[in-house]
Amino acid sequence: QVQLVESGGGLVQAGGSLRLSCAASGIIFSLNDMGWYRQAPGKQRQLVALITSGVYITYADSVKGRFTISRDNAKNTVDLQMNSLKPEDTAVYYCNSQRVVAGIPRNYWGQGTQVTVSS
């Protein structure tokens, strides 16, 4: 079974920090690209940060300089450190895992964790 379990969400004041964690199982973690996505009410799910199996990192423009994604292949975890949080960051944050095998992408998603930033 493939499982992605997020943790670390919560309520924080603007300017504060949160650290999200995602624990993966059932995949060859080191071969998978890992990412964090978020979805606010009425909006589409969007990429927040991506870290590939080769540790190439991409951030959404809106979080550059504030968020940091990291992975620990020994622990099968990917984290998202979020600093200087803004009310606009309020959303459900989802952990994602992707691996392309023989040209076929395989995607897995966690259940999500709520992040609420108050003003």
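Below is a short write-up of the structure. (Residues numbered from 1 in each chain as written. Predicted model: local features only at pLDDT ≥ 70, side-chain atom pairs only at ≥ 80, totals over all residues. Heavy atoms only, no water.)

### Focus: the nonpolar core
How we decide: Definition of nonpolar core: a set of buried residues of the types Ala, Val, Leu, Ile, Met, Phe, Trp, Tyr and Cys, connected through side-chain atoms within 4.5 Å. Exposure is judged per residue with a 1.4 Å probe applied to protein chains only, and the accessible area is read against the type maximum: over 50% gives exposed, under 20% gives buried, and values in between give partly exposed. Per the convention used, a helix needs a DSSP run of H or I reaching at least four residues, while a strand needs a run of E reaching at least two, with both numbered from the N terminus.
Counting 27 residues, the largest nonpolar core has Met34, Trp36, Leu80, Met82 and Tyr93 as its most contacted members. Looking at this core, the elements with two or more residues in it are β3 (18-25), β4 (33-39), β5 (46-51), β7 (67-72), β8 (77-82), β9 (91-101) and β11 (113-118). It is β3 that contributes the most residues to this core, four residues altogether.

### Observations regarding the pattern of salt bridges
Filter applied, for reference: Counted as salt bridges are all cases of a side-chain nitrogen of Lys or Arg within 4 Å of a carboxyl oxygen of Asp or Glu.
Overall, the coordinates contain four salt bridges when judged by the stated rule. For the salt bridge of lysine 64 with aspartate 61, the shortest nitrogen-to-oxygen distance reads 3.0 Å. A network of salt bridges, in which partner residues are shared, links Arg38, Arg66 and Asp89.

### So, the environment of glycine 15
Counted only if it meets this: Between two residues, a contact is recorded if the distance between any of their heavy atoms is within 4.5 Å.
If you trace the backbone, glycine 15 turns up in the loop between β2 (10-13) and β3. Along the primary structure glycine 15 and alanine 40 are separated by 25 residues, whereas in three dimensions their C-alpha atoms are 19 Å apart. The contact partners of glycine 15, leaving out residues within four places of it in the chain, are Ser84 and Leu85.

On their own, these measurements won't tell you what the molecule is for.
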